[in-house]
Protein chains: 2
Amino acid sequence: MSLTQLAESRLFGGRQLKFEHFANTLSCKMQLSVYLPPQAETQKVPALYWLSGLTCTDENFSVKAGAQRIAAELGIALIIPDTSPRGELVANDPAYDLGQGAGFYVNATEAPWTAHYRMYDYISRELPAILPVALPLTQVKSISGHSMGGHGALVLALRQPAAYRSVSAFSPICQPSQCEWGRKAFSNYLGDNVADWLEYDASALLAKATMVPPMLVDQGDQDQFYPAQLRTEALIDAAASSGAKVDIRFQRGYDHSYYFISSFIEEHLRFHARYLFE
Amino acid sequence: MSLTQLAESRLFGGRQLKFEHFANTLSCKMQLSVYLPPQAETQKVPALYWLSGLTCTDENFSVKAGAQRIAAELGIALIIPDTSPRGELVANDPAYDLGQGAGFYVNATEAPWTAHYRMYDYISRELPAILPVALPLTQVKSISGHSMGGHGALVLALRQPAAYRSVSAFSPICQPSQCEWGRKAFSNYLGDNVADWLEYDASALLAKATMVPPMLVDQGDQDQFYPAQLRTEALIDAAASSGAKVDIRFQRGYDHSYYFISSFIEEHLRFHARYLFE
């Protein structure tokens, strides 16, 4: 359960940290990045979990999004996990959209994935249990993510609305049960019973939700994966049918890249801060 | 001379662009990143040239520094060249600190480097000639850089003080004639006559300078290359002996990484803006 520190850099007066630990839920060693704002030197701070997209590790958001500047101002820790279990002994696939780097934040039920691919439990149970013990964090948290990680953030918050004060997403895969990325991943990880897929489908979950945390979604209208893989309209329809108040915005001219994330991450952090410090 | 656009992303309301062009000074194809702020849609804007460090391309600063947010606010274009000539036909060395990715912003005089390694001319002459023709840029410019690129920025501004409104550097190699990186690069590119090296040594140039543009230097005190490779004290001594007013700051706890740059890039851009818009 203990965290081994691999790296530390001063950043906006706080500390960008990289850790390695053995994840019990995943049965493998994992790397994890954490940003602790200056406020964490003298008090416990709330956390924003960030879930990254296909092919990413904990490094992409850490170096590209520019989030730490605002986290330092607001006094929010950033928890940045990897996107799948890792290692030579962990099942993999040569495609970029299955296996390592593509965990899809589910608990796999099918061979050969069951032994390690339990990212849902890793993010929702294991990290929130161990991190506030090892680091100056309160139990208060929100969650955000990009693309596959936007899907993960929405699913975790919709399934466990009491666990997250707020949720946001950039370019999320809104209806994985109905797009190529999601059907490939879910049929491999979860098998052929589509009813099981819907437990990890944000649009299906939102349509029947009775409790929805404050939710903000940004989608670029020049995104190369919109609409086919992302199906933003399904989330809009689900919000309408559930009556949930969800802020889904289209941003004109923006694509799927971290340039889009960096342009709006400040608004997302300020959105989360409203609820993290309530 | 024409620029071929390879990529474009919307970023903070402006445009992050990637170009390829044949560089006459370098006799090879080069890639180049440019950020045009929103103001450039309707008027010409001044430019900040950014010179990157060893092993970097035009991508590192583009994705890691978070500079575009402030450039968008201030109305400054960012010009982000590669760090050396490139290609299979261009001389190279297996070490990270010589050859491709390590041009050191000099005009080489020694074989096998003379044919392509003319980064001083590329940055100081060719790009300022072609970019304002192809893009909505005024002739007004400043220059900054990191590590090897901090060396380059200081040298260019000290040798051509009328060409740059201001200069700044992060963790620059302040006295390359006296450190391992510099001695290796200069003996290969320039030969054994140390007098030739001093034309590319910021401390030597500053010590005898009669005209010095406004200059800001930031150096982290936890930088793994300080003091041996960077020799910041030589620049401080040179400023004292020339009587030039130079702001050289040590930042406590910061290392050599882009996390350091991102923490202070806003101050550097606001420093340059004072002179770019004079």
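Structure first, text after, so check above.
Residues numbered from 1 in each chain as written. Chains lettered and ligands numbered in written order. Predicted model: local features only at pLDDT ≥ 70, side-chain atom pairs only at ≥ 80, totals over all residues. Heavy atoms only, no water.

## Section: the overall build of chain A
Check the secondary structure of chain A and you find 9 helices and 9 strands. Computed over C-alpha atoms, the radius of gyration of chain A comes to 17 Å, within 12% of the 19 Å expected from 2.2 N^0.38 for 278 residues, which places it in the range of a compact globule. Across its three principal axes, chain A shows a C-alpha extent of roughly 50 × 40 × 35 Å. Partitioning the intrachain contacts of chain A with sequence separation of at least 6 by distance along the chain shows that 71% fall at a separation of at least 24. Accessible area for chain A stands at about 10,200 Å²; split by element, carbon and sulfur atoms hold 50% of it. Counting 22 positive and 28 negative side-chain charges, chain A places the averaged centre of each group 6 Å from the other. (Helix = DSSP H or I, 4+ residues; strand = E, 2+ residues; numbered from the N terminus. Rg over C-alpha atoms; globule rule 2.2 N^0.38 Å. Contact = heavy atoms within 4.5 Å. Areas by Shrake-Rupley, 256 points an atom, 1.4 Å probe, with all protein chains shown as cover. Lys, Arg positive; Asp, Glu negative; His and termini not counted. Charge placed at Lys NZ, Arg CZ, Asp CG, Glu CD.)

## Comments concerning the sheet that holds strand β6 (residues 137-146) of chain B
Residue and element names in this part refer to chain B. Ordered by their spatial adjacency, 9 strands build an open sheet running β1-β2-β3-β5-β4-β6-β7-β8-β9, and the pairing between neighbours is mixed. The sheet is open, and its two edges are formed by β1 (4-11) and β9 (246-251), each paired on a single side. Neighbouring strand axes in the sheet, compared pairwise and without regard to direction, differ in orientation by 20° on average. Seen against the sheet, helix α4 (residues 148-159) touches β4 (45-51), β6, β7 (167-170) and β8 (215-220) and runs at an angle of roughly 135° to β6. This element, helix α8 (residues 232-242), spans β8 and β9 of the sheet and lies at about 150° to β9. (Pairing = 2+ DSSP bridges. Axes fitted to C-alpha atoms, helices over the stretch in contact; angles between N-to-C directions.)

## As for the packing of helix α3 (residues 119-134) of chain A against helix α4 (residues 148-159) of chain A
Residue and element names in this part refer to chain A. One can describe the packing of α3 onto α4 by two numbers: an axis separation of 11 Å at closest approach and a directional angle of 60°. Compared by their axis directions, α3 and α4 come out oblique. In this structure, α3 meets α4 at a crossing whose hand is right-handed. Judged by residue contacts, Y120, I123 and S124 of α3 engage V155, L156 and R159 from α4. (Parallel < 35°, antiparallel > 145°, perpendicular 65-115°, else oblique. Left-handed = near helix turned anticlockwise from the far one by under 90°.)

## Side note on empty space enclosed by the protein
Applying the stated rule across the entire model yields 2 cavities of 30 Å³ or more. A total of 5 residues in the lining of the largest cavity trace back to one element, the largest contributor, which is strand β6 (residues 137-146) of chain A. When grouped by side-chain class, the residues that make up the lining of the largest cavity number 7 nonpolar, 2 polar and 1 charged. The calculated volume of the second largest cavity comes to roughly 50 Å³. In terms of lining residues, the second largest cavity is bounded by A47(B), Y49(B), P128(B), P132(B), L137(B), T138(B), Q139(B), V140(B) and K141(B). Of all the elements in the fold, those that place two or more residues in the lining of the second largest cavity are β4, α3 (119-134) and β6 of chain B. Examining the composition of the lining of the second largest cavity, we find that 5 residues originate from one element, β6(B), more than from any other. Counted by class, the lining of the second largest cavity contains 6 nonpolar, 2 polar and 1 charged residues. (1 Å grid on protein atoms, 1.4 Å probe; cavity = no way out; pocket = protein on both sides within 12 Å on 5 of 7 lines; lining within 4 Å. Points joined across faces, edges and corners; volume = space filled by probe spheres on them. Nonpolar A, V, L, I, M, F, W, Y, C, P; charged D, E, K, R; others polar.)

## Concerning the state of the cysteines
As used in these notes, a disulfide is a covalent bond between sulfur atoms, one from each of two cysteines. Taken as a whole and judged by the stated rule, the model has 0 disulfides over all chains. C174(A) supplies the cysteine sulfur nearest to C179(A), a cysteine that is in no disulfide, at a spacing of 9.5 Å. For the unlinked cysteine C56(B), the closest cysteine sulfur is that of C179(B), found at 17 Å. (Disulfide = S-S within 2.5 Å.)

## A look at helix α9 (residues 258-276) of chain A
In the structure, α9(A) departs most strongly from a straight axis at F264(A), where the bend amounts to approximately 50°. Two or three places before Y259(A), at the start of α9(A), stands the capping residue S257(A), its side-chain oxygen 3.1 Å from that residue's backbone nitrogen. (Bend = angle between axes of the 7 residues up to and from the residue. Polar contact = N/O pair within 3.5 Å; in protein donor to acceptor, adjacent residues only side chain to side chain.)

## Details of the sheet that holds strand β8 (residues 215-220) of chain A
Residues and elements named next belong to chain A. Sheet architecture is open: 9 strands sit in the order β1-β2-β3-β5-β4-β6-β7-β8-β9, paired in mixed fashion. What marks the edges here is a single partner per strand, and that holds for β1 (4-11) and β9 (246-251). Neighbour to neighbour, the strand axes of the sheet diverge by 20° on average, direction disregarded. In this sheet, strand β2 (residues 14-23) lies alongside β1 in antiparallel orientation, the contact comprising 7 bridges. Its bridge partner being in β2, Q5 is matched across the sheet by F19. Here α4 sits on the sheet and contacts β4 (45-51), β6, β7 (167-170) and β8; the angle it forms with β6, its principal contact strand, is near 135°.

## Side note on the packing of aromatic side chains
All names here are of chain A. Enumeration over the complete set of coordinates arrives at 32 aromatic pairs over all chains. Seen from their ring centres, W113 and Y117 are 5.1 Å apart, and the 85° between their planes marks the pair as edge-to-face. Accessibility assignment for this pair places W113 and Y117 in one class, buried. Considering the side-chain rings of W113 and Y189, the 5.3 Å spacing of their centres and the 90° angle between planes classify their relative orientation as edge-to-face. Of this pair, W113 sits in the loop between β5 (77-81) and α3 while Y189 sits in helix α5 (residues 180-190), and the two are 76 residues apart along the sequence. According to the relative accessible area criterion, W113 is buried, its value standing at 4%. By relative accessible area, Y189 is classed as buried at 0%. (Phe/Tyr/Trp six-rings, centres within 6.5 Å; stacked < 30°, edge-to-face > 60°. Buried < 20%, exposed > 50% of the residue type's maximum accessible area, 1.4 Å probe, protein only.)

## Some points on the interface of chain B and chain A
Of the residues lining the interface, 20 residues belong to chain B; the matching set on chain A comes to 20 residues. Summing both sides of the interface, chain B and chain A together bury roughly 1,700 Å²; the carbon and sulfur share of this comes to 54%. Together, R10(B), V63(B) and Y259(B) form the three largest contributors to the area buried by chain B at its contact with chain A, with a combined 36%. Connecting chain B to chain A are 0 salt bridges. At the level of secondary structure, the elements contributing two or more residues to the side of chain B that touches chain A comprise β1, α1 (58-64), α2 (68-74) and α9 (258-276) of chain B. Tallied by class, the residues present in the side of chain B that touches chain A amount to 5 nonpolar, 9 polar and 6 charged. (Buried area = accessible area lost by both parts, 1.4 Å probe. Salt bridge = Lys/Arg side-chain N within 4 Å of Asp/Glu carboxyl O.)

## Let's talk about the pattern of salt bridges
One pass over the full model with this rule turns up 30 salt bridges over all chains. Notably, a salt bridge pairs K18(A) with D58(A), separated by 3.1 Å at the nearest N-O pair. Of the two residues, K18(A) sits in strand β2 while D58(A) sits in helix α1 (residues 58-64), which places them 40 residues apart along the sequence. Each of the two residues, K18(A) as well as D58(A), counts as buried. One salt bridge in this structure joins E41(B) and R15(B), with 3.3 Å as the shortest N-O distance. Placement of E41(B) in the loop between β3 (28-36) and β4 and of R15(B) in strand β2 (residues 14-23) is noted, with a sequence separation of 26 residues between them. Here E41(B) falls in the partly exposed class, since its relative accessible area comes to 44%. Among the ionic contacts, a cluster of salt bridges with common partners joins R69(A), E73(A), E266(A) and R270(A).

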